[in-house]
Amino acid sequence: GLVNRLAAALLALTLLPATAAHAEDGYALWLRYAPLGGDALARLQGFAPRVERASGTTGGPMLAVAEAELARGLTSLGAPAKTKGSIRLDCPRAGGDGDGSFHIRAVDARTLVIAGADHRACLYGAFALLRELSLGRDPRAIELDERPAMPLRMLDHWDNVDGSVERGYAGRSIFDWWRLPDHLDRRLIDYARANASIGIDAVAVNNVNAPAIFLEPRFIAKLRRIADAWRPYGIRVFLSARFSAPRDIGGLATADPLDPAVRRWWKAKADEIYAAIPDFGGFLVKANSEGQPGPQDYGRSHADGANMLAAALGSRGTVIWRAFVYSAEDASDRAKQAYADFVPLDGQFADNVIVQVKNGPIDFQPREPFHPIFGAMPKTRLMFEGQITKEYLGFSTHLAFLAPLWKEALDADTGRGGTVAGMVRRGGMAGVANVGSDRNWTGGHFDQANWYAFGRLAWNPSLASEAVAREWAAQTLGRDAGFLDAVTAMMLGSRQAVVDYMTPLGLAHQMGTNHHYGPAPWVCDLARPEWNPCYYSRADAHGIGFDRTASGSDALAQYAPSVADEWRDPKAMDEDYLLWFHHLPWDWRTRSGRSLWAELVHRYDRGVAAVDAMAATWDAQRSHVDAERFADVAEDLKVQQREARWWRDASIAWWQSLNGLPLPAGAAPPA
Ligand code: GCW
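Residues numbered from 1 in each chain as written. Predicted model: local features only at pLDDT ≥ 70, side-chain atom pairs only at ≥ 80, totals over all residues.

1. Re the site of the ligand
Then, in step 1: Near the ligand the following residues occur: W158, E166, R167, V208, N209, K286, E290, F324, D363, F364 and E391.
Then, in step 2: Here the residues of the shell around the ligand are counted per class, giving four nonpolar, one polar and six charged. (Near = placed C-beta within 6 Å. Nonpolar A, V, L, I, M, F, W, Y, C, P; charged D, E, K, R; others polar.)

2. Here we look at the domain arrangement of the protein
Then, in step 1: When cut into domains, the protein gives domain 1 (26-146), domain 2 (152-464) and domain 3 (501-659).
Then, in step 2: Each of domain 2 and domain 3 has a C-alpha centre, and these two points are 28 Å apart.
Then, in step 3: On the domain 3 side, the residues contacting the 30 residues of domain 2 number 31 residues.
Then, in step 4: Residue classes in the side of domain 2 that touches domain 3 are distributed as 13 nonpolar, 10 polar and seven charged. (Domains from an automatic or database assignment. Contact = placed C-beta atoms within 7 Å.)

3. Description of the UniProt feature "domain: Glycosyl hydrolase family 67 C-terminal" (unreviewed entry) in the protein
Then, in step 1: Per the UniProt record, "domain: Glycosyl hydrolase family 67 C-terminal" (unreviewed entry) is found at residues 442-666.
Then, in step 2: Overall, residues 442-666 shows 54% helix and 2% strand. The separation of its end C-alpha atoms is 39 Å. (UniProt positions renumbered as here; feature names shortened; annotations may be inferred. Helix = DSSP H or I, 4+ residues; strand = E, 2+ residues; numbered from the N terminus.)

4. What to know about the sheet that holds strand 9 (residues 282-285)
Then, in step 1: Strands sit in the order 6-7-8-9-10-11-12-13 around a closed barrel of eight strands; the barrel is parallel. Averaged over all neighbouring strand pairs, the angle between strand axes comes to 25°, with direction disregarded.
Then, in step 2: Inspection of the sheet shows strand 6 (residues 152-156) paired to strand 7 (residues 202-204) by three bridges, in the parallel sense. For D156, the partnering residue across the bridge sits in strand 7 and is A204. (Pairing = 2+ DSSP bridges. Axes fitted to C-alpha atoms, helices over the stretch in contact; angles between N-to-C directions.)

5. Quick notes on the nonpolar core
Then, in step 1: V237, V355 and M383 are the most contacted members of the largest nonpolar core, which has 205 residues in total.
Then, in step 2: Among the elements that line this core, the one with the most residues is helix 19 (residues 596-619), at 11 residues.
Then, in step 3: Filtering out sequence-adjacent residues up to four positions away, M383 remains in contact with L152, I320, I354, V355, Q356, V357, V424, G427, G428, M429 and A430. (Core = buried A, V, L, I, M, F, W, Y, C linked by C-beta atoms within 7 Å. Buried ≥ 20, exposed ≤ 12 C-beta atoms within 10 Å, placed from the backbone.)

6. Observations regarding the packing of helix 11 (residues 403-410) against helix 14 (residues 465-476)
Then, in step 1: Running from N to C, helix 11 and helix 14 cross one another at 150°; their axes reach a closest spacing of 9 Å. Classed by the angle they form, the pair helix 11 and helix 14 counts as roughly antiparallel. Pair helix 11 / helix 14 crosses with right-handed handedness. Contacts between helix 11 and helix 14 involve A403, P404 and K407 on the former and, on the latter, S465, V468 and A469.
Then, in step 2: A breakdown of the residues in the contact of helix 11 with helix 14 according to their chemical character gives four nonpolar, one polar and one charged. (Parallel < 35°, antiparallel > 145°, perpendicular 65-115°, else oblique. Left-handed = near helix turned anticlockwise from the far one by under 90°.)

7. As for the packing of helix 3 (residues 61-77) against helix 4 (residues 119-134)
Then, in step 1: Closest axis-to-axis distance for the helix 3/helix 4 pair is 8 Å, and the angle between their directions is 10°. Between helix 3 and helix 4, the interaxial angle falls into the category roughly parallel. On helix 4, the residues touching M62, L63, V65, A66, E69, L70, G73 and L77 of helix 3 are H119, R120, C122, L123, A126, F127, L130, L133 and S134.
Then, in step 2: Looking at the contact of helix 3 with helix 4 residue by residue, the class counts come to 12 nonpolar, three polar and two charged.

8. Overview of helix 17 (residues 561-568)
Then, in step 1: Buried within helix 17 we find V563, A564 and W567. One face of helix 17 carries all of its buried residues, which in axial projection span an arc of 95°. Helix 17 presents P561 and S562 as exposed residues on the side facing more than 90 degrees away from its buried surface.
Then, in step 2: Buried residues along helix 17 sit in contact with helix 18 (578-581). (Arc of directions from axis to C-beta.)

9. Comments concerning the environment of D363
Then, in step 1: For D363, the position within the fold is in the loop between strand 11 (353-358) and strand 12 (381-387).
Then, in step 2: Look at D363 and you get partly exposed, because 19 C-beta atoms sit within 10 Å.
Then, in step 3: It is 46 Å that separates the C-alpha atoms of D363 and G78, two residues lying 285 residues apart in sequence.

10. Brief notes about the pairing of strand 4 (residues 111-115)
Then, in step 1: Inspection of the sheet shows strand 2 (residues 85-90) paired to strand 4 by five bridges, in the parallel sense. The partner of L89 across the bridge, within strand 4, is I114.
Then, in step 2: Relative to strand 4, strand 3 (residues 102-108) runs antiparallel, the two sharing five bridges. Bridge pairing links R105 to V113 in strand 4.
Then, in step 3: The loop that links strand 3 with its antiparallel partner strand 4 comprises two residues.

11. Observations concerning the sheet that holds strand 4
Adjacent strands of a sheet pair through backbone hydrogen bonds, lying either parallel or antiparallel.
Then, in step 1: Read from one edge of the open sheet, five strands run 1-2-4-3-5, paired in mixed fashion. Of all the strands in the sheet, the pair left with one neighbour each is strand 1 (49-53) and strand 5 (144-146). On average, adjacent strands in this sheet sit at an angle of 20° to one another, irrespective of strand direction.
Then, in step 2: In the packing of helix 3 onto the sheet, contacts are made with strand 1 and strand 2, and the angle to strand 1 comes to roughly 175°.

Here it is, written out as structure tokens:
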């Protein structure tokens, strides 16, 4: 009696804090399905659905995932055990070969139907329905008609064999290659589930700087275990393939793509992989870039290299060939090189080759104009590569919501018959993953929003950043309307804040060598000129900025005339790109009426002030967020406040050492 009750109470006391902390450590991501309240709960209880199958729909692993998710989500949101209505799954074809298009609608007052061609439709439909319910929508009024904007919605892991992650800021790799294939970490299932919930359908599991070991039989067995685990979630695995593998592990003397023995080797390798993984996605390749081997080592073109691998895969898979190339030999303007290398090859790539192009022409900077290749290769399938992990935006310590960054590129009119998003509709979008073994997956809690946003935008690039931020925050953090207004506004302004305190007015690549974290505008002595921050700023006593007009590198000419016209005149253009395209004297008048120098300082100050405002906004939300995540974010924001000042003060001091100018009137004193 009493002893037992005391023991139970004690046990509850010891368990409670741990359980509560676990629930709010961020592991659940946006799939918390926190219990609904108020009207939303009453509506769900009034509907009280059970999940059933339409007559033509039979079970299978992918449908089982959809059913389990619905059961879990509905219960967690507060649906009663005693049911009245139903959610009917009408996805007749088993398996997930379709594109995942689905619709959801009420057929009568008691029945919601999720319908589509095959099980993938019901998988995506299930997650979409739960999202709507989580947002408090009336179940019987939900009507969705969705189709993915592009076939490949992909995450690229830069994860290494030893468990380290290149540019990873969320702990070690989630892939435990040592224990695979015998042991599959549950986390990989949770990962697939999170990806399926946002429509991600492909994952490259290893770094593009790839050793050939991944192509060895023992690794193919490991990959197979992952592929089997992810199949029910609609995710195909891709492998980064080292171009020199025939030499590295194949015993051949060459990796020349036109050499018959090399071609046979890759064909046999592909056959071996497909025997283990019948739906293997294909190869992702970084070739002739930053020291990686490639076809140019043998005097062959990127098309020769890509097509050779494409022939090995045949209709079974896809070669994703990266356009991220720049060479030490031609350092006149790094921004021009990918276009110069690839555009002449338009029309030469095999049908199952996709050329993957970073959002901007340099390298994942806080702000870049869109890459000029978009629109310039109409006969080639293109893919958009974004970086979810924040290599150049303060790692996982600084808060920056990246949907506005990607949207800036995706929405840009290329002037060549469509937007950037339109140019990748036959290819897709790949995001460099920001996921690791941290409890909350991504290091910073708000970095989860970037993973989420990337998936949502790949599914539908016309979604507004604001809508994505809001739905993420509502599912992940809390549903209070005032809270959501405040947090959404904070997220939407956060990337511009980073731009302002790191690289305002179109500056780029002022980060420290290799680590790319703090400011280092003074660095000018690295062997490769285009690795030096001074190469990008071109700052001296007289002025600052990179002249990419006809009087300079003329990178502007790589854009369609209508686009180039927008950026040609420094007086008329969007000043967010000013110093990307123009070298201007320090006393040049900007549109605000301030001198260039004063405007630059103004923007650094504005960035610092924006971070201070973010910290204040967050501080006011204490009552709306669990204590654990509130404190985590508050701590990171303190670091960001300090480091925004570091960026501003170090940058301004360096420019002053060149131009000898005093701080403009009204500027904040250094911290
Ligand atoms: O952004 C740069 C990174 C490298 C990366 C490279 C790439 C994987 O600094 O770490 O290498 O781009 O995209 O290939």
